[in-house]
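Chains, contacts and geometry: an overview
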Amino acid sequence: MLHFYSTFRKISIFLFCLPGIFLWDISEALSFHIDNIDIPEIREMRFRKDDGIYYIDVVMLIKNSGEKDIRLQNCNLNLAFAVENNGRIQLGKTMKDSVTLTKRNNGAGNTALPLTVALGKNIEKLHLDIISSDTMNSLLTASDPVLKLSVTGGFDAGILSKIGWTYEQDLQIDWILESKIPRKVLMDTYKAIETAADRQRKISPEQEKMEDDLIFEEYGKSDKSGS
C-alpha cells in the first residue's frame, strides 16, 4: 500500500476566492482529504511513438481512503522517477481534464486512472539516465518492484458535501509516491525503451522512421502474448 510520507510531500495552496468565504476552512479541508489518496499499483505501462514523439500510456489504481468524494480537475502534472540522492529522472508531462475518486465506504474500490506521459524525442537520454541510476538498476532486478514516482504540478480540487461540490483552484503539489508495479509490465516497458534508444544511437532519423512500425508491432505482440 502506498503512503504519502510528510517528509517528502509539500502542498502549497493558491486561493482565488472572494474575501469572507471561509477561506481557511476550504483549504484545510481539501489538504486533509487529499492526504487520503493512495496509489497502490501501476497496473499497465505501454511505450509507443507517434509523429516522432515517444509516449508512455499508464494505468494507475487510485484509492481514496477518506470519507468524502474527491474530484480533481484541470490536472497539469510532471512525472519523474525518484532516485538516489534526492535525484529525479524526468519522464514528461501529463494532463487530465477530470477524475472523481469515490469515498471508501461506498464499496466502489480503486479507481483506474489512464494517463499519457509525453517523453519527448530524446529516448537515448532517458535510457542512459535509467541505467546510470543505482535505484533503477535495483528496481529492474527486484522480484516485486516498488516504483518511486515524483509528481509535481497542479490541479483544481473539490470535495463533495451535502450542499454539493466545493472547489479550490490551482492546488500545487510536490509528491513522492510509492506504487507496486508488475515485474513483467516494468521489464517489457524497459526493454522497449532500451530497443528504441539503441536504434536512436545507431541509425539516421530517416531509417528510424521506416523501422518504427515493425518495432512497435512486435512490442504489441509481446504484450498480448503475456496478458
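Residues numbered from 1 in each chain as written. Predicted model: local features only at pLDDT ≥ 70, side-chain atom pairs only at ≥ 80, totals over all residues. Heavy atoms only, no water.

1. Re the nonpolar core
Going by this rule: By convention a nonpolar core is built from buried Ala, Val, Leu, Ile, Met, Phe, Trp, Tyr and Cys residues, the set being connected through side-chain atoms within 4.5 Å. Only protein chains enter the accessibility calculation, which uses a 1.4 Å probe; a residue whose area is less than 20% of its type maximum is buried, one above 50% is exposed, and one in between is partly exposed. Helix numbering and strand numbering both begin at the N terminus, where a helix is a DSSP run of H or I of at least 4 residues and a strand a DSSP run of E of at least 2.
Judged by nonpolar contacts, the single largest core of 52 residues is most densely connected at Phe-47, Phe-81, Leu-119, Ile-123 and Phe-155. It is helix α4 (residues 183–202) that provides the largest number of residues to this core, a total of eight residues.

2. Side note on the packing of helix α2 (residues 123–131) against α4
This is how the line gets drawn: Interaxial angle, 0 to 180 degrees, is taken between N-to-C directions of lines fitted to C-alpha atoms, where a helix line uses only the stretch in contact. Throughout this description, any angle smaller than 35 degrees is read as roughly parallel, any larger than 145 degrees as roughly antiparallel, any in the 65 to 115 degree range as roughly perpendicular, and the remainder as oblique. Note on convention: near helix rotated counterclockwise from far helix by under a right angle means a left-handed crossing. Clockwise means right-handed. Every residue pair with non-hydrogen atoms within 4.5 Å of one another is taken to be in contact. Here the nonpolar group is Ala, Val, Leu, Ile, Met, Phe, Trp, Tyr, Cys and Pro; Asp, Glu, Lys and Arg are the charged ones; every other residue, Gly included, is treated as polar.
Put simply, α2 and α4 touch, their axes get as near as 8 Å, and they point 125 degrees apart. When the axes of α2 and α4 are compared, the pair comes out oblique. For the crossing formed where α2 meets α4, the hand is left-handed. For the pair formed by α2 and α4, the contact residues are Ile-123, Glu-124, Leu-126, His-127, Ile-130 and Ile-131 on the first element and Tyr-190, Ile-193, Glu-194, Ala-196, Ala-197, Gln-200 and Arg-201 on the second. Here the contact of α2 with α4 is built from residues that sort into eight nonpolar, two polar and three charged.

3. Things to note about the environment of Lys-184
Note the threshold: By the criterion applied in these results, polar contacts are pairs of N or O atoms within 3.5 Å in which, for protein atoms, one can donate a hydrogen and the other can accept it, and in which residues neighboring in sequence qualify only through two side-chain atoms.
Note on placement: Lys-184 falls in helix α4. Residue Lys-184 is classed as partly exposed on the basis of its relative accessible area of 39%. Here Asp-188 takes part through its side chain, which lies 2.5 Å from a polar atom of the side chain of Lys-184.

4. Concerning the environment of Ala-196
Here Ala-196 shows up in helix α4. When the C-alpha atoms of Ala-196 and His-127 are compared, they prove to be 9.0 Å apart, with 69 residues separating the residues in sequence. For Ala-196, the residues in contact, after removing those within four places along its chain, are Phe-47, Tyr-54 and Ile-123.

5. A short note on the confidence of the model for the chain
Caution is warranted with low-pLDDT regions, since their predicted coordinates should not be read in detail. To keep it simple, the criterion reads: Per residue, pLDDT measures the predictor's confidence, with a range of 0 to 100.
Model confidence for the chain is summarised by a mean pLDDT of 81, while 74% of its residues fall at 70 or above. Within the chain, the element-level pLDDT minimum falls on strand β1 (residues 10–13), averaging 39, and the maximum on α2, averaging 97. Counting contacts from residues 1–24, a segment whose pLDDT is below 50, to residues more than four positions away or on other chains yields 53 contacts.

6. A closer look at the pairing of strand β7 (residues 146–161)
Note the threshold: At least two DSSP bridges between two strands are required for those strands to pair.
Of all 16 residues in β7, twelve are buried, a share of seventy percent or more. Sheet topology places strand β4 (residues 70–83) next to β7; ten bridges connect them, and they run antiparallel. Residue Arg-71 lies in a different strand from β7, and its bridge partner there is Gly-158.

7. Side note on the packing of helix α3 (residues 134–141) against α4
Contact pair α3 / α4: the axes reach a minimum separation of 9 Å and the direction vectors enclose 125 degrees. As the angle between them shows, α3 and α4 are arranged oblique. Residue-level contacts link Leu-139, Leu-140 and Thr-141 of α3 to Arg-183, Leu-186, Met-187 and Tyr-190 of α4. Here the residues of the contact of α3 with α4 are counted per class, giving five nonpolar, one polar and one charged.

8. What about unusual backbone geometry?
Its identity as a non-glycine residue notwithstanding, Asn-85 has a phi of 60 degrees, on the positive side. Following the sequence through the fold, Asn-85 ends up in the loop between β4 and β5 (87–101). Asn-85 gets classed as exposed once you look at its relative accessible area, which sits at 75%. For Asp-170, which is not glycine, the phi torsion reads 55 degrees and is therefore positive. Relative to the elements of secondary structure, Asp-170 occurs in strand β8 (residues 164–180). On the basis of relative accessibility, which here comes to 28%, the residue Asp-170 falls in the partly exposed class.

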